[in-house]
Amino acid sequence: MNSGNYMFELSDGDGGGSRDHWFYVFALIGDEDSSYPDEEESNDIAVLANPMEMEDLTNSADKEFTRGYMEGFTDGASDKDWFSFNAPYEENYAVMCMN
C-alpha cells in the first residue's frame, strides 16, 4: 500500500440495514515493522493458547474498555493458532478485527 489518501465503504452484505446492523472500524496503518507482540508456537490447541495482554482504557465518552493485540502467522495449510484473553466486565462484548 503506497502513501496517500484512501476511502472505503461499509454496507450490509444483504443490502438491508437497521440499528441492529452495526459495525466497528479499527484502522491501523504502519510500516513493515510490527509493534505488536508475536504469537509463540506451538499454540495449535486450546490448552496452549497464547494469552493476550490486555490494557484498560477510557474513551472520549468516559466509557471504560480493554484492548489487546497480538500478531500471528499461519505457518501452513494445517496451522491453527489459539489465543486467550480476560473479559473483566460483568456484561462483555468482544469485537475481533482480523485480516
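Placed above this text is the structure.
Residues numbered from 1 in each chain as written. Predicted model: local features only at pLDDT ≥ 70, side-chain atom pairs only at ≥ 80, totals over all residues. Heavy atoms only, no water.

Trainee: Quick question: what am I supposed to make of the environment of glutamate 64 here?
Mentor: As for its position among the elements, glutamate 64 is in strand E3 (residues 64-68). For glutamate 64, a relative accessible area of 59% corresponds to the exposed category. Counting along the chain gives 25 residues from glutamate 64 to tyrosine 89, while the straight-line C-alpha distance between them is 9.5 Å. Excluding its chain neighbours within four sequence positions, the residues that come into contact with glutamate 64 are Leu57, Thr58 and Tyr89. (Helix = DSSP H or I, 4+ residues; strand = E, 2+ residues; numbered from the N terminus. Buried < 20%, exposed > 50% of the residue type's maximum accessible area, 1.4 Å probe, protein only. Contact = heavy atoms within 4.5 Å.)

Trainee: What should I look at first to understand the pattern of salt bridges in this one?
Mentor: Side chains that differ in sign of charge can pair as their charged atoms come close. The final tally for this structure, using the stated rule, is 1 salt bridge. With a closest N to O distance of 3.7 Å, glutamate 55 and arginine 67 form a salt bridge. Within this pair, whereas glutamate 55 is found in strand E2 (residues 54-58), its partner arginine 67 is found in strand E3, the two being separated by 12 residues in sequence. Among the residues examined, glutamate 55 registers a relative accessible area of 39% and is labelled partly exposed. What makes arginine 67 partly exposed here is its relative accessible area of 34%. (Salt bridge = Lys/Arg side-chain N within 4 Å of Asp/Glu carboxyl O.)

Trainee: Teacher, can you tell me more about a nonpolar patch on the surface here?
Mentor: Nonpolar side chains collect at one region of the surface, where Phe8, Leu10, Phe23 and Val25 lie side by side and expose about 440 Å² of accessible area between them. Positionally, valine 25 belongs in the segment before strand E1 (50-51). (Patch = residues over 30% accessible without salt bridge, like charges linked within 9 Å, V, L, I, M, F, W, Y side chains within 5 Å. Areas by Shrake-Rupley, 256 points an atom, 1.4 Å probe, with all protein chains shown as cover.)

Trainee: Before we go on, may I ask you to explain the pairing of E2 in this structure?
Mentor: In terms of strand pairing, E2 meets E3 through 5 bridges, oriented antiparallel. Note that in E3 the partner of threonine 58 across the bridge is glutamate 64. Where E2 folds back on E3, the antiparallel hairpin that results is connected by 5 residues, among which aspartate 62 adopts a positive phi of roughly 65°. (Pairing = 2+ DSSP bridges.)

Trainee: What should I look at first to understand unusual backbone geometry in this one?
Mentor: Generally, phi is negative for residues other than glycine and the peptide bonds are trans, each holding for most cases. Cis rather than trans, the peptide bond between glutamate 41 and serine 42 has omega equal to 5°. In this structure, serine 42 sits in the segment before E1. In this structure, aspartate 62 takes a positive phi of about 65° despite not being glycine. Of the residues examined, aspartate 62 reaches a relative accessible area of 64% and is grouped as exposed.

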